[in-house]
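# A structural walkthrough
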Amino acid sequence: MRQLVIMFFGLTLIFGCASKVTTSGTTGGGKYSEDLSVWRPETAKTIDSAKTSTVPERTRTNQYVEARFAINGEVDAVLDSIYEQNLSKRFIDGYTIQVYSGIKREDALNNKKKLSQSLPDLESDVQYMQPNFRVRTGKYLTRLEAQKDYLAVKRYFPNAIVIPDRISTD
């Protein structure tokens, strides 16, 4: 209710001021006009008969101006502290490709073996999160990076999916 009252007064203030501005100086409901020529600065016009070029020349040269309120040192200190904090983190958020998830350990080990035979350049591992065994491969920072390998894995494992995961920085 309070916001509605504030909005109402704000709108009446805006429309009230706008109507005063547009109606001042009008006679009989005509268009608004005002002569601002008294406020325009006057410039001296010089005509040089020797120069017939229409391209204006630059009369001012750019000079180096030292920054008075430079905060580069403070920004560097903040960035260094952020860098140190990031180094102390053991895990980062990323993505991995999950090839298998099930309750049978033998199936998980067979899928890992099949993955290492079909795609030897990808490292895979078996994780046990009660009650399931999971076979995962790859550590990617972005989903786009994971997508490239996902297409290759998908040929051999149609049930593979890209999932968000916490990746160790070791």
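Whatever comes next refers back to the structure up there.
## Here's the deal with the overall build of the protein
Tallying secondary structure elements over the protein gives four helices and four strands in all. Secondary structure elements of the protein occur, N-terminal to C-terminal, as α-α-β-α-β-β-α-β. Taken over 170 residues, the protein has a buried fraction of 17%. Contacts in the protein between residues at least 24 apart in sequence constitute 70% of all its contacts with a sequence separation of at least 6. Accessible surface computed for the protein: about 15,100 Å², of which carbon and sulfur atoms make up 56%.

## A few points about the sheet that holds strand β3 (residues 132–140)
The strand order across the open sheet formed by four strands is β2-β3-β1-β4, and the pairing between neighbours is antiparallel. The outermost strands of the open sheet, each flanked by one partner alone, are β2 (124–129) and β4 (161–168). For this sheet, the mean angle separating the axes of adjacent strands, direction not counted, is 45°. With eight bridges connecting them, strand β1 (residues 91–102) and β4 associate as antiparallel partners. If you follow isoleucine 97 over to β4, its bridge partner there is valine 162. Strands in contact with helix α4 (residues 143–156) are β1, β3 and β4; relative to β1, the strand with the most contacts, it is inclined by about 20°.

## Some words on the pattern of salt bridges
A full pass over the atoms with the stated rule returns two salt bridges. Residue arginine 136 is joined to aspartate 165 by a salt bridge in which the shortest nitrogen-to-oxygen separation is 3.5 Å. Of the two residues, arginine 136 is situated in strand β3 and aspartate 165 in strand β4; the sequence distance between them amounts to 29 residues. Given a relative accessible area of 7%, arginine 136 falls into the buried group. Using a relative accessible area of 22% as the deciding quantity, one classes aspartate 165 as partly exposed.

## Section: α4
A rise of 1.5 Å per residue sets the reference length of α4, with its 14 residues, at 20 Å; its end C-alpha atoms lie 20 Å apart and thus fit the reference within 8%. Among all positions of α4, only Ala146, Tyr150, Ala152 and Val153 are buried. Residues of α4 that are buried make contact with β1, α3 (105–118), β3 and β4.

## Let's talk about the packing of aromatic side chains
One pass over the structure, following the stated rule, counts one aromatic pair. Taking 4.6 Å as the distance between ring centres and 45° as the angle between the ring planes, the aromatic pair formed by tyrosine 128 and phenylalanine 133 counts as tilted. The class for phenylalanine 133 is buried, based on a relative accessible area of 14%. Across the ring face of phenylalanine 157, the terminal group of lysine 114 is positioned such that the distance to the ring centre comes to 5.0 Å.

What counts and what doesn't
Residues numbered from 1 in each chain as written. Predicted model: local features only at pLDDT ≥ 70, side-chain atom pairs only at ≥ 80, totals over all residues. Heavy atoms only, no water. Helix = DSSP H or I, 4+ residues; strand = E, 2+ residues; numbered from the N terminus. Buried < 20%, exposed > 50% of the residue type's maximum accessible area, 1.4 Å probe, protein only. Contact = heavy atoms within 4.5 Å. Areas by Shrake-Rupley, 256 points an atom, 1.4 Å probe, with all protein chains shown as cover. Pairing = 2+ DSSP bridges. Axes fitted to C-alpha atoms, helices over the stretch in contact; angles between N-to-C directions. Salt bridge = Lys/Arg side-chain N within 4 Å of Asp/Glu carboxyl O. Expected span 1.5 Å × (residues − 1). Phe/Tyr/Trp six-rings, centres within 6.5 Å; stacked < 30°, edge-to-face > 60°. Lys NZ or Arg CZ within 6 Å of the ring centre and 35° of its normal.

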